[in-house]
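Each chain is listed here by its residues.
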Amino acid sequence: MSIYNVFAKSEAESPGRAIGDVNSGVAVVSTFDNFLSLEECQRQIEIIKPLLISRGSDVPGGYLGSSLFEAGGSLALYFEQVLEMEEVLAEVHKECGEPISRIIDSYNSLSPLHSFEAISRLGINAALSRIMAFPVTNDRIVLKDHEDLATIRNKMMVEQGLEVAMSLSVLALNVYLANPGNCGTLRIFKYRPSDAEKKDLDREFGTDLQGTGYPYPEHITRGLEYIDVPVTPGLFCVFEASHLHSVINLDKHNADGDLRISWNSFACSSSHPTMANQLLYWS
Ligand SMILES: O=C(O)CCC(=O)C(=O)O
Ligand SMILES: [Fe+2]
């Protein structure tokens, strides 16, 4: 766990090392190219597309699997979703494998001190990943400025005893299957809002950044330094998701109806420094 990541991108020699680079603070984002072949991405998309569930909330697109963010602060609801989604995900895993689990194997092989385990509740393990699909439009913003630390680091999670509720760091692990028309570039800003700053913003703008981390007022990221991560099918990308980030359509190609599809998982280390390489995951 690092609170001060070097604001740079590394290109790692294995997916496990990519996680290590970001977790140790050597980089804020690390990528591993061609983790999946184009043919493999295409094959997975064909299996996944017909199974996608459309979203009702203000985050557009479709998904498959459970999401702690979508559970709106209720761990019980999250684990209920995990159980509900088990069957359909098992079907997908049977056909496609589970890409994040191969990444975990790569991470665990770095040393006997590296481990990756699920957060759990009443004997139920969190899901390792979910699938996200953003519809491509002519809009510049695909996913608004946000951070993913607030999902775990908030009063509700402390009260419900989430293992990682005191964390100052959160890793987002993404394997991309499709990015039609180059519509969804990941932009990571050099800004990690503090609890106090979130509180001030909530008071001023009526947002719930302390609770959800989504979305930040647009002007907040104006003028900030950033790193753009071009998204290609088959890419594995891990980044420190406590930094503000968004997904933007830089080229504004018209690819209406198409989907930007990715596997997505979150992890962070236990807050004790001697256990920095022992990661806990959820979806
Ligand atoms: O798909 C991406 O590149 C990032 C998505 C993201 O930031 C999120 O789901 O929290
Ligand atoms: Fe995010």
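Residues numbered from 1 in each chain as written. Chains lettered and ligands numbered in written order. Predicted model: local features only at pLDDT ≥ 70, side-chain atom pairs only at ≥ 80, totals over all residues.

**Quick word on the overall build of the chain**
Tallying secondary structure elements over the chain gives six helices and 16 strands in all. Here the chain has a C-alpha radius of gyration of 18 Å; the compact-globule value for 283 residues is 19 Å, and the two agree. Summarising its shape, the C-alpha atoms of the chain cover approximately 45 × 45 × 35 Å along the three principal directions. In the chain, buried positions account for 44% of the 283 residues. Sequence-distant contacts in the chain: of pairs separated by 6 or more residues, those separated by 24 or more amount to 75%. (Helix = DSSP H or I, 4+ residues; strand = E, 2+ residues; numbered from the N terminus. Rg over C-alpha atoms; globule rule 2.2 N^0.38 Å. Buried ≥ 20, exposed ≤ 12 C-beta atoms within 10 Å, placed from the backbone. Contact = placed C-beta atoms within 7 Å.)

**Focus: the nonpolar core**
Judged by nonpolar contacts, the single largest core of 78 residues is most densely connected at Val22, Leu171, Val238, Phe239, Ala267 and Tyr281. Of all the elements, strand β10 (residues 171-178) adds the most residues to this core, at seven residues. When sequence neighbours within four positions are dropped, the list of residues in contact with Val22 reads Asn5, Ala27, Val28, Val29, Ser30, Leu171, Val238, Phe239 and Glu240. (Core = buried A, V, L, I, M, F, W, Y, C linked by C-beta atoms within 7 Å.)

**Quick word on the sheet that holds strand β11 (residues 185-189)**
Across the sheet, which stays open at both edges, the four strands sit in the order β9-β14-β11-β12 with antiparallel pairing between neighbours. Each edge of the open sheet carries a strand with a single partner, namely β9 (141-146) and β12 (226-229). Pairwise comparison of adjacent strand axes, ignoring direction, gives a mean angle of 20° for this sheet. (Pairing = 2+ DSSP bridges. Axes fitted to C-alpha atoms, helices over the stretch in contact; angles between N-to-C directions.)

**A short note on the site of ligand 1**
In the neighbourhood of ligand 1, the contacting residues comprise Met132, Leu143, Asp148, Ala172, Asn174, Leu186, His245, Val247, Ser262 and Asn264. Counting only elements with at least two residues in the shell around ligand 1, the list comes to β10, β14 (245-248) and β15 (259-269). (Near = placed C-beta within 6 Å.)

**Describing helix α2 (residues 38-48)**
Taken residue by residue, α2 has Cys41, Gln44 and Ile48 as its buried positions. Buried residues of α2, seen end-on, are gathered within an arc of 70° and therefore sit on one face of the element. Opposite the packed face of α2, turned more than 90 degrees from it, sit the exposed residues Leu38, Glu39 and Glu46. Taken together, the buried residues of α2 touch β4 (62-64), α3 (75-96), β8 (130-135), β10 and β15. (Arc of directions from axis to C-beta.)

**A look at the environment of Arg192**
Assignment of secondary structure puts Arg192 in the loop between β11 and α6 (195-205). It is 9.5 Å that separates the C-alpha atoms of Arg192 and Glu240, two residues lying 48 residues apart in sequence. Residues within four places of Arg192 in sequence aside, it is in contact with Ser242 and His243.

**Some points on α3**
Approximately 50° is the largest bend angle found in α3, and it occurs at Glu86. Along α3, the residues that are buried comprise Leu75, Tyr78, Phe79, Gln81, Val82, Met85 and Leu89. Packed against the buried residues of α3 are β4, β6 (120-121) and β7 (124-125). Two residues or fewer after α3 comes Gly97, characterised by a positive phi angle close to 75°. (Bend = angle between axes of the 7 residues up to and from the residue.)

**Comments concerning the pairing of β11**
One ladder, built from four bridges, connects β11 with β14; its direction is antiparallel. The partner of Leu186 across the bridge, within β14, is Val247. Here β11 pairs with β12 via four bridges, running antiparallel. Looking at the pairing, Leu186 lines up with Val229 of β12.

**Notes on the environment of Leu89**
For Leu89, the location among the structural elements is in helix α3. C-alpha separation for the pair Leu89 and Asp208, spaced 119 residues apart in sequence, amounts to 31 Å.

**What about the environment of Ile261?**
The topology assignment puts Ile261 in strand β15. Residue classification places Ile261 among the buried positions, given that 26 C-beta atoms sit within 10 Å. In sequence terms Ile261 and Tyr63 are 198 residues apart; their C-alpha atoms lie 9.0 Å from each other. Excluding anything up to four places from it in sequence, Ile261 contacts Ile45, Ile48, Ile131, Ala133, Leu177 and Ala178.

**Some words on the packing of α2 against α3**
The interhelical angle for the contact between α2 and α3, taken along N-to-C directions, is 155°, at an axis separation of 10 Å. One finds that α2 runs roughly antiparallel with respect to α3. The interaxial crossing formed by α2 with α3 has right-handed handedness. Facing Gln44, Ile47 and Ile48 of α2, the residues of α3 in contact are Val92, Glu95 and Cys96. (Parallel < 35°, antiparallel > 145°, perpendicular 65-115°, else oblique. Left-handed = near helix turned anticlockwise from the far one by under 90°.)

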